[in-house]
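This is what each chain is made of:
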Amino acid sequence: MSCPITREALGAYVDGELAPDEAATVAEHLTTCADCARDYDAVLETVRTLREGLVRHRAPDVLRARVRAALREEAPARVQAPRKRAGVPWRALAAAAVVAVASSGLTLAVARRDVAPRSIASEEVLTSHIRSLMPDHLVDVRSNDQHNVKPWFNGRLDFSPTVPRLDSIGFPLIGGRLDYLHGRPVAAVVYARRQHMINAYSWPADAGDEDVSPVDSRHGYNLVHWRRGGVEHWVVSDLNAGELGEFVRAVNGER
């Protein structure tokens, strides 16, 4: 009997490109099929080796400026009209295009193996955040009540994520979704601040606690990382650093 999971689907699963229901099907299949599990481990090891052995160089400012200029020229015809029709966050799509095109200008060289794991994780988190801003990708369960969002993760994850309600201080809960980072399912709890979306990621951590990091700015987005109580936390948004710091303190019960 042939395996229902193709190599293409397995690769898309590793890259986090499958829809939540498709990803869940692959994840369940991997628990029962030894051949696919071996293929999955081999792909993960290959990806890990490549990531740890590559050096990324920042695209030249001239290239980045040209990309932004090209996007501005296209905006009147291709961005503004759809925005009026559907209210889609086209500014986020433009930002994603800047990241994607600029990234294509990066020079990659197999030269070293001292790339920090946290740096690799931050790239995956940022990519996931940008992908979530595309239409119909933000949440799997939409609710402003943590008593609806938190139980939704039961049975979908091997831990229970923190889902505080912060609307009283200006960070309303939008919902949650199941995402995939580092080849494993993670929780993404979504909040808002005016027109800014905030993704709060969490998953079980192998190492000990780590203090909240300084805000890391990349491609117009801000990221914050910490580890506490056996859980890894990442928060990312295009919200300004000051307000994002306020959000992180509130999540940690420091308000």
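In this report, the structure presented in the accompanying data block is examined. The shown structure was predicted, so the numbers you read here are calculated from the model rather than taken from an experiment.

### Examining the overall build of the protein chain
Link 1 in the chain: Within the protein chain, the secondary structure is distributed over nine helices and nine strands.
Link 2 in the chain: Taken over 255 residues, the protein chain has a buried fraction of 42%.
Link 3 in the chain: Summed over all atoms, the accessible surface of the protein chain reaches about 14,200 Å², with 52% contributed by carbon and sulfur.

### Focus: the environment of Val190
Link 1 in the chain: With respect to the secondary-structure elements, Val190 resides in strand E5 (residues 184–193).
Link 2 in the chain: Sequence-wise, Val190 and Val139 are 51 residues apart; in three dimensions their C-alpha atoms are separated by 7.4 Å.
Link 3 in the chain: Apart from residues no more than four positions distant in its own chain, Val190 is found in contact with Leu138, Val139, Pro172, Leu173, Ile174, Gly175, Arg177, Met197, Ile198 and Asn199.

### A few points about the pattern of salt bridges
Link 1 in the chain: Counted according to the given criterion, the structure contains 12 salt bridges.
Link 2 in the chain: Arg184 is the partner of Asp158 in a salt bridge, and the nearest nitrogen-oxygen pair spans 3.0 Å. With Asp158 in the loop between helix H8 (146–152) and strand E4 (173–181) and Arg184 in strand E5, this pair connects stretches of sequence that are 26 residues apart.
Link 3 in the chain: Residue class for Arg184 comes out partly exposed when judged on its relative accessible area of 22%.
Link 4 in the chain: A salt bridge links Arg193 to Glu243; the shortest N-O distance between them is 2.9 Å. Here Arg193 is found in strand E5, whereas its partner Glu243 is found in helix H9 (residues 241–251), with 50 residues between them in sequence. Comparing Arg193 with Glu243, the two get one shared label, buried.
Link 5 in the chain: One continuous salt-bridge network, built from bridges that share partners, spans Arg193, Arg194, Glu243 and Glu246.

### What about the nonpolar core?
Link 1 in the chain: Judged by nonpolar contacts, the single largest core of 60 residues is most densely connected at Tyr201 and Phe247.
Link 2 in the chain: Ranked by residue count, the leading element in this core is E5, at seven residues.

### Re the sheet that holds strand E7 (residues 216–218)
Note on sheets: strands pair through backbone hydrogen bonds, and any given pair is parallel or antiparallel.
Link 1 in the chain: Strand order across the open sheet formed by seven strands is E3-E4-E5-E6-E9-E8-E7, with antiparallel pairing between neighbours. Among the strands making up the open sheet, the edge pair consists of strand E3 (141–142) and E7.
Link 2 in the chain: Note that strand E8 (residues 221–228) and strand E9 (residues 231–237) share seven bridges and pair antiparallel. If you follow Arg227 over to E9, its bridge partner there is Glu232.

### Describing the pairing of E5
Link 1 in the chain: When you tally the buried positions in E5, you get eight out of 10 residues, the bulk of the element.
Link 2 in the chain: Of the strand pairs in this sheet, E4 and E5 are connected by eight bridges, and their pairing is antiparallel. Each bridged residue has a counterpart across the sheet, and for Asp179 the counterpart in E5 is Val186.
Link 3 in the chain: Counting the residues between successive antiparallel strands, the hairpin from E4 to E5 contains two residues, one of them, His182, with a positive phi of roughly 55°.
Link 4 in the chain: Here seven bridges tie E5 to strand E6 (residues 196–204), and the two strands are oriented antiparallel to one another. In the sheet register, Val189 faces E6, and the bridge partner there is Ala200.
Link 5 in the chain: Count of turn residues in the E5/E6 antiparallel hairpin: two residues, of which Arg194 carries a positive phi of about 55°.

### Focus: the environment of Phe247
Link 1 in the chain: Among the structural elements, Phe247 can be located in helix H9.
Link 2 in the chain: Overall, the relative accessible area of 0% leaves Phe247 in the buried class.
Link 3 in the chain: Between the C-alpha atom of Phe247 and that of Leu166, which follows or precedes it by 81 residues, the distance is 8.5 Å.

### Overview of helix H2 (residues 20–30)
Link 1 in the chain: Burial in H2 covers these residues: Ala23, Val26, His29 and Leu30. For H2, the angular spread of the buried residues around the axis is 125°, confining them to a single face. Residues of H2 that are exposed and point more than 90 degrees away from the buried face comprise Asp21 and Glu28.

### What about unusual backbone geometry?
Link 1 in the chain: Phi is positive for Arg194, which is not a glycine, with a value near 55°.
Link 2 in the chain: Along the chain, Arg194 falls in the loop between E5 and E6.
Link 3 in the chain: Even without glycine at this site, His219 takes up a positive phi of about 55°.
Link 4 in the chain: Positionally, His219 belongs in the loop between E7 and E8.
Link 5 in the chain: The class of His219 is partly exposed, set by a relative accessible area of 34%.

Reading guide: rules and limits
Residues numbered from 1 in each chain as written. Predicted model: local features only at pLDDT ≥ 70, side-chain atom pairs only at ≥ 80, totals over all residues. Heavy atoms only, no water. Helix = DSSP H or I, 4+ residues; strand = E, 2+ residues; numbered from the N terminus. Buried < 20%, exposed > 50% of the residue type's maximum accessible area, 1.4 Å probe, protein only. Areas by Shrake-Rupley, 256 points an atom, 1.4 Å probe, with all protein chains shown as cover. Contact = heavy atoms within 4.5 Å. Salt bridge = Lys/Arg side-chain N within 4 Å of Asp/Glu carboxyl O. Core = buried A, V, L, I, M, F, W, Y, C linked by side-chain atoms within 4.5 Å. Pairing = 2+ DSSP bridges. Arc of directions from axis to C-beta.

Read these as layout, nothing more, since geometry by itself doesn't imply function.
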